[in-house]
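Listed below are the residues making up each chain.
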Amino acid sequence: PSLPSRHGAGKNEDTFKTSPFHLDLWFYFTLQNWVLDFGRPIAMVRVAGTPPACLPITLIRGAQDRGDRPMVIPYKPTVLPYLIERSPKTLPRSMVYVSIIMFVMGASIHLVGDSVNHRLIFSGYQHHLSVRENPIIRNLKPETLIDSFELLYYYDEYLGHSMWYIPFFLILFIYFTGCFTPVEEESRMPVPALLLMGPSSLYYWYLVTEGQIFILYIFTFFAMMALVMHQKRKGLVLDSNGLFLFYSFIITLLLIALWVAWLWNDKILRKKYPGVIYIPEPWAFYTLHMNNLHAARESL
């Protein structure tokens, strides 16, 4: 959707407006994130287990050979423009457009890497090991192919994630800056918001752990806390939308702490994630423990 002309307007329009809880927006935002970001890898793994002749890439190539024009539906931030549009605060148009463009580019890079990585799972690739430590990668000939896979890992896990998540959290924070009101009565969340907070927080937990973006997340959270304290001195409080986002981030931090505490003594994952910040990826946990458990059950 096109952004309204008020974005990038003058500061005289930045008055405090009543903003009821956007149940439809937050519901579709959470649903989109769960389906496209969490459900997509599961679907890709399922597809990766199908015969090669049934894979989408094979069907697309066949359609191209016949002269057809297959329809491709890209993964794009469909709800983010609506989030910006409903912000009570005017936002710079150029920053919004650049952020969304970077978001789409980073997501595209990530999807390319994921398409290869999830296909490799059925060839024996183990996410809890580094690229060079994986048996199927270590035995590649010529050895220069290993450098290609490491380059793919870099583009997926570092470049793609940075271009994807930095604009994502930037847009959320910019939206958060407009979620303040001088009316105490508006600083309450309705029951649907409380029910939606669980799935929303769980998604952010998956985003931070699987994306390995704890530094970006915690800096965004600290910036939110600093802004809340600063606005409180002015007599302003968070409205229902700001409370929903802020409390979701708090619950996310608690979930991350529980996740780390649970896997604190896992020596194999400790080797994969060295350093001060130890936050294992859910997919690494799956290939290390759950995948082996499924294989043992099937062998019985």
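Residue numbers here run from 1 along each chain, matching the order of that chain's written sequence. This being a predicted model, a pLDDT of at least 70 is required before a residue's local features are given, and a value of 80 or more before pairs of side-chain atoms are given or counted; all residues contribute to the totals for chains, interfaces and linings. With hydrogens and water stripped out, all remaining heavy atoms of the structure feed into the side-chain values.

The name recorded for the protein in an unreviewed UniProt entry is CLN6 protein, from Oreotrochilus melanogaster.

(A) A look at the overall build of the protein. In terms of helices and strands, the protein carries 11 helices and 2 strands. Mapped from its N terminus to its C terminus, the protein presents α and β elements in the order α-α-α-α-α-α-β-α-α-β-α-α-α. Note on classification: 1.4 Å probe, protein chains only; a residue is buried when its accessible area is under 20% of the maximum for its type, exposed when over 50%, partly exposed between these limits. Residues counted as buried form 42% of the 300 residues belonging to the protein. A sequence separation of at least 24 residues applies to 79% of the contacts in the protein between residues at least 6 apart. As displayed, the protein has an accessible area near 16500 Å², and 67% of this comes from carbon and sulfur atoms. Think of it this way: any DSSP run of H or I at least four residues long counts as a helix, any run of E at least two long counts as a strand, and we number them from the N terminus. We call two residues in contact whenever any of their non-hydrogen atoms come within 4.5 Å of each other. Note on areas: these come from Shrake-Rupley sampling with a 1.4 Å probe, and a residue is covered only by the protein chains present in the view.

(B) Structural detail: unusual backbone geometry. A positive phi is found at Gln212, a non-glycine position, where the angle reads about 55°. With respect to the helices and strands, the residue Gln212 is situated in the loop between α7 (191–211) and α8 (214–233).

(C) Summary view of the nonpolar core. Nine residue types can take part in a nonpolar core, namely buried Ala, Val, Leu, Ile, Met, Phe, Trp, Tyr and Cys, and a core is a set of them joined through side-chain atoms within 4.5 Å. Within the largest apolar cluster, 57 residues are counted, with the highest numbers of intra-cluster contacts made by Trp26, Phe168, Tyr204, Leu245 and Phe249. Listing elements by their share of this core, those giving two or more residues are α1 (23–48), α3 (80–85), α4 (93–121), α6 (144–176), α7, α8, α9 (240–262) and α11 (282–299). Here this core gets 9 residues from one element, more than from any other, and that element is α7. What Leu245 contacts, discounting residues up to four positions off in sequence, is Trp26, Leu172, Tyr175, Phe176, Tyr204 and Met224.

(D) Highlighting the UniProt feature "transmembrane region" (unreviewed entry) in the protein. UniProt tags residues 95–113, 164–183, 213–230 and 242–264 as "transmembrane region" (unreviewed entry). Each end of residues 164–183 is marked by a C-alpha atom, and these two atoms are 35 Å apart; helix forms 65% of the span and strand 10%. When the span residues 213–230 is considered, its composition is 94% helix and 0% strand, and the gap between its end C-alpha atoms is 26 Å. UniProt positions are given in the numbering used here, feature names are shortened, and annotations may be inferred rather than shown by experiment.

(E) Region of interest: the packing of α8 against α9. Closest axis-to-axis distance for the α8/α9 pair is 11 Å, and the angle between their directions is 135°. Here α8 is positioned oblique relative to α9, judged by the angle of their axes. Crossing of α8 against α9: the hand is left-handed. Contacts between α8 and α9 involve Phe214, Tyr217, Ile218, Thr220, Phe221, Met224, Met225 and Val228 on the former and, on the latter, Leu245, Phe246, Phe249, Ile250, Thr252, Leu253 and Ile256. Axes, fitted as lines to C-alpha atoms, cover a helix only where it is in contact. Angles between the N-to-C directions of the axes lie from 0 to 180 degrees. Roughly parallel refers to an angle under 35 degrees, roughly antiparallel to one over 145, roughly perpendicular to one between 65 and 115, and oblique to any angle outside these ranges. Note: crossing handedness is left-handed where the near helix turns anticlockwise from the far helix by less than a right angle, and right-handed where it turns clockwise.

(F) Here's a closer look at the packing of aromatic side chains. The criterion for an aromatic pair is that two Phe, Tyr or Trp rings (for Trp, the six-membered ring) have centres within 6.5 Å, with stacked assigned to planes under 30 degrees apart, edge-to-face to planes over 60 apart and tilted to the rest. What the rule picks out here adds up to 25 aromatic pairs. When the ring of Phe221 is compared with that of Phe246, the centres are 5.8 Å apart and the planes differ by 25°; the resulting orientation is stacked. With Phe221 in helix α8 and Phe246 in helix α9, this pair connects stretches of sequence that are 25 residues apart. Taking the ring centre of Trp264 as reference, the NZ or CZ of Arg270 above it sits at 4.0 Å. One Lys or Arg, Arg270, reaches over the ring of Tyr278 and ends 4.2 Å from the middle of that ring. Charge over a ring is defined by NZ of Lys or CZ of Arg lying within 6 Å of the ring centre and within 35 degrees of the ring normal.

(G) Seen up close, the side chain of Thr209. Following the sequence through the fold, Thr209 ends up in helix α7. In this structure Thr209 comes out as buried when scored by relative accessible area, which is 0%. Setting aside residues no more than four positions away along its own chain, Thr209 makes contact with Ile256, Trp259, Ile279, Pro280, Glu281 and Pro282.

(H) Summary view of a nonpolar patch on the surface. A patch is a set of surface residues, each over 30% in relative accessible area and not in a salt bridge, joined within 9 Å for like charges and within 5 Å for the nonpolar side chains Val, Leu, Ile, Met, Phe, Trp and Tyr. Salt bridges are defined as contacts in which a side-chain nitrogen from Lys or Arg sits within 4 Å of a carboxyl oxygen from Asp or Glu. The grouping of Leu23, Phe27, Tyr28, Leu31, Val35 and Leu36 at the surface amounts to a nonpolar patch, some 530 Å² of accessible area in total. Residue position: Val35 is located in helix α1. Given the relative accessible area of 47%, Val35 is considered partly exposed.

(I) Seen up close, the environment of Thr177. Checked against the element boundaries, Thr177 lands in the loop between α6 and β1 (180–181). Sequence separation of Thr177 and Met224 is 47 residues, and the distance between their C-alpha atoms is 8.2 Å. Contacts of Thr177, omitting those with residues within four sequence positions, involve Lys89 and Leu227.

(J) Seen up close, the environment of Ile146. Note that Ile146 resides in helix α6. A C-alpha to C-alpha distance of 7.8 Å links Ile146 and Val131, two positions 15 residues apart in sequence. Not counting chain neighbours up to four residues away, the residues in contact with Ile146 comprise Arg132, Ile137, Arg138 and Leu140.

(K) Looking closely at α8. By definition here, a helix of n residues has an expected span of 1.5 Å times n minus one. Over its 20 residues, α8 runs 29 Å from end to end, which matches the ideal 28 Å to within 8%, given 1.5 Å per residue. Considered for burial, the residues of α8 that qualify are Phe214, Tyr217, Ile218, Thr220, Phe221, Met224, Leu227 and Gln231. Positive phi shows up at Gly235, right after α8, with a value of about 85°.

(L) Molecular detail of the packing of α7 against α9. Two elements in contact, α7 and α9, have axes whose closest approach is 8 Å; the angle formed by their N-to-C orientations is 50°. The orientation of α7 relative to α9 falls into the category oblique. Crossing angle aside, the handedness with which α7 passes α9 is right-handed. Residues Ala193, Leu196, Met197, Ser200, Ser201, Leu202, Tyr204, Trp205, Val208 and Thr209 of α7 pack against Phe244, Leu245, Tyr247, Ser248, Phe249, Ile251, Thr252, Leu255, Ile256 and Trp259 of α9.

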